[in-house]
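# Analysis of the macromolecular model
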Amino acid sequence: MQSELNDIELIRSVLLDNNTAAYGKLMNRYTIQVYNAAIRLVNDEDEASDVTQQAFIQAYRQLDSWRGGSFGAWVVIIANHIALRMLEKEKRRPTVPLDDNTDTPDDTYDERKEKRLQTMETAIERLPDEERRIIKWHYYEKISLKDISTRLGHSESNIKVRIFRIREKLKTIIQNEEDE
C-alpha cells in the first residue's frame, strides 16, 4: 500500500518535475482551510472563493520561496493578505447614496469600452477549441468549475489553474493587439 505524499514531497515534485497534478493535490488538501479563513474576513461566499483561488495562484507563482513549515498555514497567510487588500479597496470605493440611484440603464455609448469588448471577443476566438470552450462555459454560461471538470475529465483544481493560464494568455493576446 502506497502512503500519501507529504507536502514537502508534493512541492518538490511541482518544483523539480513541473507536476501540476501534485499541486492539485495540495490545493485539494487545503482549499477548505483557505476558504474558511477567507470567508471569516470577507464575509461573502463569492469573494471568499475568489480569494481562495487567488491565494493558490499566488502560492504557485511563489512556491520556490516557501521555506517549509505548514504549506496550509502559508497559503492561509497569503489569502489573508489578499482578503485584506480586497477589503481596503472596497473601503476606498466611492458609494452612491440611495437617493441618487436611478433605475434607468446607462444609455451612453462608450467607444473605448466597445472596442475593448470586441478585442476580447477576437482574442477568445483565437484560443484553441478546448480553452475557448472552458472560457465560454465558465464566464458566459456560468457553468460551475465542478461541472466543467466533470465534462473534461480533469480535477477542479486543474480547471482553476487552466482558467488562470487562459486568462493570462488572453491578456497577452490583447496586449499584442493593442501594441499593433
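Up top is the structure these notes are about.
Residues numbered from 1 in each chain as written. Predicted model: local features only at pLDDT ≥ 70, side-chain atom pairs only at ≥ 80, totals over all residues. Heavy atoms only, no water.

### Observations regarding the nonpolar core
If you look at the biggest cluster of nonpolar residues, it comprises 29 residues, and the most contacted ones within it are Tyr23, Val34, Val51, Phe56, Phe71, Trp74 and Val75. Secondary-structure elements contributing two or more residues to this core are helix H1 (7–17), helix H2 (20–42), helix H3 (45–61) and helix H4 (71–92). Ala123, Leu145, Leu152 and Ile163 belong to the second largest nonpolar core, which has 16 residues in total. (Core = buried A, V, L, I, M, F, W, Y, C linked by side-chain atoms within 4.5 Å. Buried < 20%, exposed > 50% of the residue type's maximum accessible area, 1.4 Å probe, protein only. Helix = DSSP H or I, 4+ residues; strand = E, 2+ residues; numbered from the N terminus.)

### A word on unusual backbone geometry
With a phi angle near 60 degrees, asparagine 43 is a residue other than glycine that sits in the positive phi range. The phi angle at lysine 142 is positive, at roughly 55 degrees, despite the residue not being glycine. Tracing the backbone through its elements, the reader meets lysine 142 in the loop between helix H6 (129–140) and helix H7 (145–152). Look at lysine 142 and you get exposed, because its relative accessible area is 65%.

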